[in-house]
Amino acid sequence: MSNSSPCGDRNGDLFFNKCYMTNNSFLTLLATNIMQWVNPRTQAICAVAIVLVLPSLLILGNHSAMYHEARKKFLQCRLRVIHYIYRISYSLVLDVLLYACFRQRRPCACNTTASIYGMPSGDAMAGAILGSYLLDKGPFYPVLARIVGVLIMVAVAFERVILGYHSILQVTVGILIGVASHFYSTRVPQYALFIDALIQWIVGSIVLHIDPALTYKPNDNNNLWAWFVWGISFQIFALLLLVKHFNPRNGGLAMLRLSLHAVENESTQDEIDQLRLNLSESHQDSFHYITDKDETIRHCKDSDMHFTVFALGLLVVVNFLS
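Residues numbered from 1 in each chain as written. Predicted model: local features only at pLDDT ≥ 70, side-chain atom pairs only at ≥ 80, totals over all residues. Heavy atoms only, no water.

Asks: Help me understand the overall build of the protein, please; the structure alone is not making it clear to me.
Replies: Looking only at helices and strands, the protein features 14 helices and zero strands. Order of helices (α) and strands (β) in the protein, N terminus to C terminus: α-α-α-α-α-α-α-α-α-α-α-α-α-α. Per-residue burial for the protein yields a buried fraction of 50% across its 322 residues. Partitioning the contacts of the protein with sequence separation of at least 6, the portion at a separation of at least 24 is 74%. As displayed, the protein offers around 15400 Å² of accessible surface, 68% of which is attributable to carbon and sulfur atoms. (Helix = DSSP H or I, 4+ residues; strand = E, 2+ residues; numbered from the N terminus. Buried < 20%, exposed > 50% of the residue type's maximum accessible area, 1.4 Å probe, protein only. Contact = heavy atoms within 4.5 Å. Areas by Shrake-Rupley, 256 points an atom, 1.4 Å probe, with all protein chains shown as cover.)

Written out as structure tokens, the structure is:
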């Protein structure tokens, strides 16, 4: 890739650090379209929207013969999305924290539309988290999903470099952290996520306030504290739903000692399903309804919709404060 950038190089002219921002209109248009769909903000909002839509699975499986299987599928899907919301928030919280630790400037001197820091790339981290999920789980069509996962990582790295937001080194580090974040958060006991969230909040609150180069004014690109708090709102949302997900009917909070990978393991999932079935049989009145009103109550109870709306309200409030 030749350097036809009209900008100066803030971090030197070495291959991995130089500015590759281009005047090519086609490449710029392509990169801009990629940015709209794979950036961490879009991913986080879409994942929250999926959580709100998922209860429709229970409505579609309202027939008594289908309801147990529909509820099982609903719980599996919701747990995956809750974890994904937490994972994608790494690119909003951990990334901003690392900005203030590395303090490496963005590569292009003429790019003044973003914060001064760019190491590591949060968008590259988010793309790698999505790509790693597709590589690891291969949902639907495994081979195709894994090819798409690799293409997403490459496309996001290309987009960030072409638009001049990050250097090749910054997107490379972002991708590596994103891949590590996926495998870490899906393999450690789920209670560890509460600990690492607390560490991120404490360390981030400190480093973001001791850097004299950062300003904290409304609508300022260097107001990284606002981005940090915005990301925390998604972490709080995910952690609240995670605790609520493992109510006694779904295995209890003891399930937090298992990793997401272990919970999704076939033998573990069979044990959870049997526990749910036993509980449902011992509470027949909770699963056999006569009126439409009773069915509505069942849907709300099994989907935890009231608690989800409460958590969403808290997310919106923290977003507003940021």
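More follows now that the structure is in view.
Asks: How do you make sense of the environment of C46 when you look at a structure like this?
Replies: With respect to the helices and strands, the residue C46 is situated in helix α2 (residues 40–53). For C46, a relative accessible area of 42% puts it in the partly exposed group. Distance in space between the C-alpha atoms of C46 and I85 is 9.2 Å, their sequence separation being 39 residues.

Asks: Can you walk me through the pattern of salt bridges in this structure?
Replies: Pairs can form between side chains of opposite charge once their charged atoms are near each other. Using the criterion set out here, one finds six salt bridges in the structure. R160 is the salt-bridge partner of D123, the closest N and O atoms lying 3.7 Å from each other. Of this pair, D123 sits in helix α6 (residues 122–137) while R160 sits in helix α7 (residues 142–162), and the two are 37 residues apart along the sequence. Accessibility expressed as a relative area gives 6% for R160, which makes it buried. Between K137 and E264 there is a salt bridge, with the nearest N and O atoms lying 3.1 Å from each other. Placement of the pair is K137 in helix α6 and E264 in the loop between α11 (260–263) and α12 (266–282), with a sequence separation of 127 residues. Each of R80, K137 and E264 takes part in a single network of salt bridges with overlapping partners. (Salt bridge = Lys/Arg side-chain N within 4 Å of Asp/Glu carboxyl O.)

Asks: Would you explain unusual backbone geometry in this entry?
Replies: What you tend to see is this: most non-glycine residues have negative phi, and most peptide bonds are trans. Residue P120 is reached from M119 by a cis peptide bond, and omega for that bond is 0°. Examined against the element boundaries, P120 turns out to sit in the loop between α5 (94–102) and α6. With phi around 55°, R103 is a residue other than glycine that occupies positive phi space. A relative accessible area of 38% means that R103 is categorised as partly exposed. Phi angles above zero are rare outside glycine, and F140 is one such case at about 65°. Examined against the element boundaries, F140 turns out to sit in the loop between α6 and α7. F140 sits in the exposed class, given a relative accessible area of 80%.

Asks: Before we go on, may I ask you to explain the packing of helix α10 (residues 224–245) against helix α14 (residues 305–321) in this structure?
Replies: The axes of two packed helices give the description: the angle between them and the distance between them. Taken N-terminus to C-terminus, the directions of α10 and α14 make an angle of 165°; their axes are 8 Å apart at the nearest point. Considered as vectors, α10 and α14 are oriented roughly antiparallel to each other. For the crossing formed where α10 meets α14, the hand is right-handed. Between α10 and α14, the residues in contact are V229, W230, S233, F234, I236, F237, L240, L241 and K244 and F307, T308, A311, L312, L314, L315, V318 and N319, respectively. When the residues that make up the contact of α10 with α14 are grouped by side-chain class, the tally is 13 nonpolar, three polar and one charged. (Axes fitted to C-alpha atoms, helices over the stretch in contact; angles between N-to-C directions. Parallel < 35°, antiparallel > 145°, perpendicular 65-115°, else oblique. Left-handed = near helix turned anticlockwise from the far one by under 90°. Nonpolar A, V, L, I, M, F, W, Y, C, P; charged D, E, K, R; others polar.)

Asks: Would you take a moment to explain the environment of L151 for this structure?
Replies: Tracing the chain through its elements places L151 in helix α7. A relative accessible area of 53% places L151 in the exposed class. Taking C-alpha positions, L151 is 9.6 Å from G127, a pair spaced 24 residues apart along the chain.

Asks: I tried to follow the packing of aromatic side chains on my own but got confused; where do I start?
Replies: Here the distance between the centres and the angle between the planes together describe a pair of aromatic rings. The final tally for this structure, using the stated rule, is eight aromatic pairs. An angle of 70° between the planes, with centres 6.1 Å apart, marks the rings of F15 and Y20 as edge-to-face. A relative accessible area of 4% places Y20 in the buried class. For the pair F307 and F310, a centre-to-centre distance of 5.8 Å together with 50° between the ring planes defines the contact as tilted. A residue pair is termed a helical-turn pair when its members lie 3 or 4 positions apart in one helix, as F307 and F310 do in helix α14 at three residues. A relative accessible area of 24% means that F307 is categorised as partly exposed. Residue class for F310 comes out partly exposed when judged on its relative accessible area of 48%. Members of the aromatic cluster, each reached through a chain of ring pairs, are F15, F16 and Y20. We note K244 situated over the ring of F307; from NZ or CZ to the ring centre the distance is 5.7 Å. (Phe/Tyr/Trp six-rings, centres within 6.5 Å; stacked < 30°, edge-to-face > 60°. Lys NZ or Arg CZ within 6 Å of the ring centre and 35° of its normal.)

Everything listed here is a matter of coordinates, which is why it stays silent on function.
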